[in-house]
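# Close look at the chain arrangement
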Amino acid sequence: MKKILLAALGNCVHSAGIYNFMKLAEKENYEIIYMGSAVPVAKVIDAIIESQPDMISVGYRLSAISAKSILEEFQNGIIKNNLLDKIYIFGGTVETGKIAKKFDFIKKVFDGTEEIEEVIYFLKNQDRCDRDNKIPPQNLRERMDYKKPFPLIRHHLGLETIQDTIEDVKKLSDSGLLDIISIAPDQNCQQYFFEPKKMIEKEKGAGGVPIRRKEDLEKLYQASRRGNYPLMRCYSGTNNLLRLSALLKETLNNAWAAIPLMWYSDLDRRAERDLLDAIKENQEAIKWNAQNHIPVEINESHQWALRYAHDALEVAIAYIVGYNAKYFKVKDFVMQFMLCTPPSISPKMDLAKMLAKIELIKELEDDYFKIIKMVRTGLLSYSADPYTSKGQLAGSMFYGNYLEPDILHIVAYCEAIHRATAKEIIESVKIVKGVLRLANAGIPNYLYDKEIINRKNIIKKEARLIIKAIQQLGREYKNPLIEAEVLYNAVKLGVLDAPGLKGFSVANGNICTEIDNGAHVIVKNGKVISERERLQDLGFDVSEKLKN
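Below you will find a few notes about this structure. (Residues numbered from 1 in each chain as written. Predicted model: local features only at pLDDT ≥ 70, side-chain atom pairs only at ≥ 80, totals over all residues. Heavy atoms only, no water.)

## Considerations on the pattern of salt bridges
Once the charged atoms of two side chains with opposite charge are near each other, the side chains can pair. Rule in force here: Each reported salt bridge corresponds to a side-chain nitrogen of Lys or Arg within 4 Å of a carboxyl oxygen of Asp or Glu. Here a strand is any run of E in DSSP of at least two residues, a helix any run of H or I of at least four, and the numbering for each starts at the N terminus. Buried means the residue's accessible area, taken with a 1.4 Å probe over protein chains only, is under 20% of the maximum for its type, while exposed means over 50%, and partly exposed covers the values in between.
The final tally for this structure, using the stated rule, is 30 salt bridges. When the shortest N-O distance is used, the salt bridge between Asp186 and Arg212 registers 2.8 Å. Note that Asp186 is positioned in the loop between β7 (180-183) and α8 (187-192) and Arg212 in the loop between α8 and α9 (214-223), a separation of 26 residues in sequence. Among the residues examined, Asp186 registers a relative accessible area of 0% and is labelled buried. Asp311 is the salt-bridge partner of Lys353, the closest N and O atoms lying 3.9 Å from each other. On the criterion of sequence distance, the pair formed by Lys353 in helix α14 (residues 347-362) and Asp311 in helix α13 (residues 311-327) is long-range, its members being 42 residues apart. Each of the two residues, Lys353 as well as Asp311, counts as buried. Bridged by salt links that share partners, the residues Asp311, Glu314, Lys353, Lys357 and Arg455 form one connected network.

## Details of the sheet that holds strand β5 (residues 106-110)
Rules: A pair of strands is treated as paired once DSSP finds two or more bridges between them. Here an axis means a line fitted to C-alpha atoms, over the contact stretch when the element is a helix, while the angle between two N-to-C directions is reported on a 0 to 180 degree scale. For this analysis, residues touch if any pair of their heavy atoms sits within 4.5 Å.
Taken in spatial order, the five strands make up an open sheet running β2-β1-β3-β4-β5, and their pairing is parallel. Looking along the sheet, the strands with just one partner apiece sit at the ends: β2 (31-34) and β5. Strand-to-strand twist in this sheet, taken as the mean axis angle between neighbours without regard to direction, amounts to 20°. As paired elements, strand β3 (residues 55-60) and strand β4 (residues 87-92) share six bridges and run parallel to each other. Residue pairing across strands places Ile56 opposite Tyr88, the latter belonging to β4. Sitting on the sheet, helix α1 (residues 16-27) is in contact with β1 (3-8), β2, β3, β4 and β5, with an inclination near 170° to β1. Lying over the sheet, helix α3 (residues 64-80) contacts β3, β4 and β5, oriented at roughly 155° with respect to β3.

## Points about the sheet that holds strand β6 (residues 152-157)
Overall, parallel pairing links the eight strands, which are arranged β8-β7-β6-β13-β12-β11-β10-β9 in an open sheet. In this open sheet, the two edge strands, each paired with only one partner strand, are β8 (231-234) and β9 (257-258). Here four bridges tie β7 to β8, and the two strands are oriented parallel to one another. Bridging across to β8, Ile180 finds its partner in Leu231. Across the sheet, helix α15 (residues 386-400) is in contact with β11 (332-339), β12 (370-377) and β13 (407-409); its angle to β12 comes to roughly 155°.

Such coordinate-based values are descriptive only and should not be taken to indicate function.
Given below as structure tokens:
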């Protein structure tokens, strides 16, 4: 057990700061030596010599001039008594904190501007990062452990020029508010990075940052080597996914790869790939990342949701991509839960849908295959009014906290108006941190709400029917859910379908969905129908009774 000594120095009678720090240290199982307030420097030095603590936390909240004088006296005392091998922390005001930062023996200064989580994971991890450079862990799983019990915070960034994006990466890194920066390239980059002659110059910077060279990625990564050293990652391309995966690992130490299973094909027309070929290529990219120990997100489920697929289909797809990830030996599977999609879904029914996803995917977990839950607000739900969007961001992140996310993918409130800069990202992160502080203080758990439970169980049953229908399509295969031909036929025959794909996609788009009592369901001839009825209309035998 580590030992910590706490005292407010000299004539400072303010004890609240060190007392609160002590309570946090107790929760992290430190042995406490609490000396109270207005403790003479000589007495603190004697206590350090006698008790030999691992860490010493001293506080001073009076003037900057007297803080300098008393810290000089304290520094002389620890030098004289050969006590510089200890870890020294200072707590005070912004004014006295500025003085404390000038003393090299003080490892960490808390001045009241930091979040509680920063204090906690300093106590948890102060000896786990590089002592000289203070660099937190640089892979996803270790960074999650480092940050616990708080989720990692992620945001995307892709401004119209490389230089602007580099400068904002620096600002975000210095802020210490983001654990993960996702670089968003423009569509030219995503589609034609390895075929630059095909790029459309007038669309430069459309939708993201115009990355054109390996050096651009290297500069973006170097810009993040400051502040809290956030993890870096980048969106996958819509072509040449495997080649880009290797490049992102080399240049950004890609925190995880986000790869679809069926998209970026003639399913959505974001790439010139036949759906069948795209599935095969995407699976190869998933496999390559798994072999190279890179976590993988298969960003499939919410892509269907964005095309207004009904709840059961969205959940079935989540299971199918989880099954593929496990089959291709992904160790850490990042599953994104996009809330408020479609925008008119109710929070209750949104939670029911997401819980159905979690419970189905959890059936795949074992000692090797682990789920990392990432929660975000759906962009479709944002208003062009920034104040309304701030409310939407806060509300959705509040109820999203019930899903116990490992990562919060924050989408800045301004995204329905313009792409987010560091300024709006920092504002949005602070809004969400305030929401989490309230949620974590203790609120009723409405995950036990009967309506949520009933709807969750219905969605799970209907999702299993979709999975069963796909398995029937591939009955000659041992693992039909990973066979590209089977998945392709599931789209062609309408087992996998969404209204938003009608008229331009290889999919049929012959399904109608609506919101009914807050849930997203199938409608035929103006009447809500069950998944069983829909699949039977397509010619599938799904009469066998299924478990929840």
